[in-house]
Amino acid sequence: MAGQDDGIRLRQVVLDCTDARALAEFYRALLGLVYRPGDEPPEAGADDPRGRDWLVLRTPDGAPQLAFQQVGTLPAATWPDDGVPQQLHLDLTVASAGNLLAQHECVLRLGGRLLLDRIDDAEEPLRVYADPAGHPFCVFVSPSHPGEH
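Residues numbered from 1 in each chain as written. Predicted model: local features only at pLDDT ≥ 70, side-chain atom pairs only at ≥ 80, totals over all residues. Heavy atoms only, no water.

**Focus: helix α1 (residues 20-31)**
Stage number 1. Along its 12 residues, α1 runs 16 Å from first to last C-alpha, staying within 8% of the 16 Å computed at 1.5 Å per residue.
Stage number 2. Listed in full, the buried residues belonging to α1 are Ala20, Arg21, Leu23, Ala24, Phe26, Tyr27 and Leu30.
Stage number 3. Glycine 32 sits one or two residues past α1 and shows a positive phi near 70 degrees. (Helix = DSSP H or I, 4+ residues; strand = E, 2+ residues; numbered from the N terminus. Expected span 1.5 Å × (residues − 1). Buried < 20%, exposed > 50% of the residue type's maximum accessible area, 1.4 Å probe, protein only.)

Right under this line is the structure:
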């Protein structure tokens, strides 16, 4: 069996978007991430060439998490309806239904919108949202196994 350094590892998830800065700001605020050095927003009124191309968010200790790639057009996913599939979505977790209720207000305040509400599901409480670019993401209540469902 190959050693851990010999295999392929996930570096980050990249989201296409028509406004890389706005989407990066949404996830930065929602997840408590920080910009890769040099990707921070410019001063008010200054040009933002990186924000029109490619931005990376990391954990506060420097591990890459999400990147945002500017594209000219992007059809918004129509899930759960037919039309444009979601193609990829993020699964996020919170420790309790109370945390999910609190995060709901945060998601809406940051520009997300609710797509599906299963907070009362006894086996797997969750809510599905769309980020400001239309990418769906799930927030699960998972007190014992964060990130698994």
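**Considering the pattern of salt bridges**
Stage number 1. Across all of its chains, the model carries eight salt bridges by this definition.
Stage number 2. Across the pair arginine 36 and aspartate 39 runs a salt bridge, and its minimum N-O distance is 3.0 Å.
Stage number 3. Overall, the relative accessible area of 0% leaves aspartate 39 in the buried class.
Stage number 4. The salt bridge partner of glutamate 124 is arginine 118, with a shortest N-O separation of 3.2 Å.
Stage number 5. With relative accessibility at 30%, the residue arginine 118 sits in the partly exposed group.
Stage number 6. Because the salt bridges share partners, they merge into one network encompassing Arg36, Asp39 and Arg50. (Salt bridge = Lys/Arg side-chain N within 4 Å of Asp/Glu carboxyl O.)

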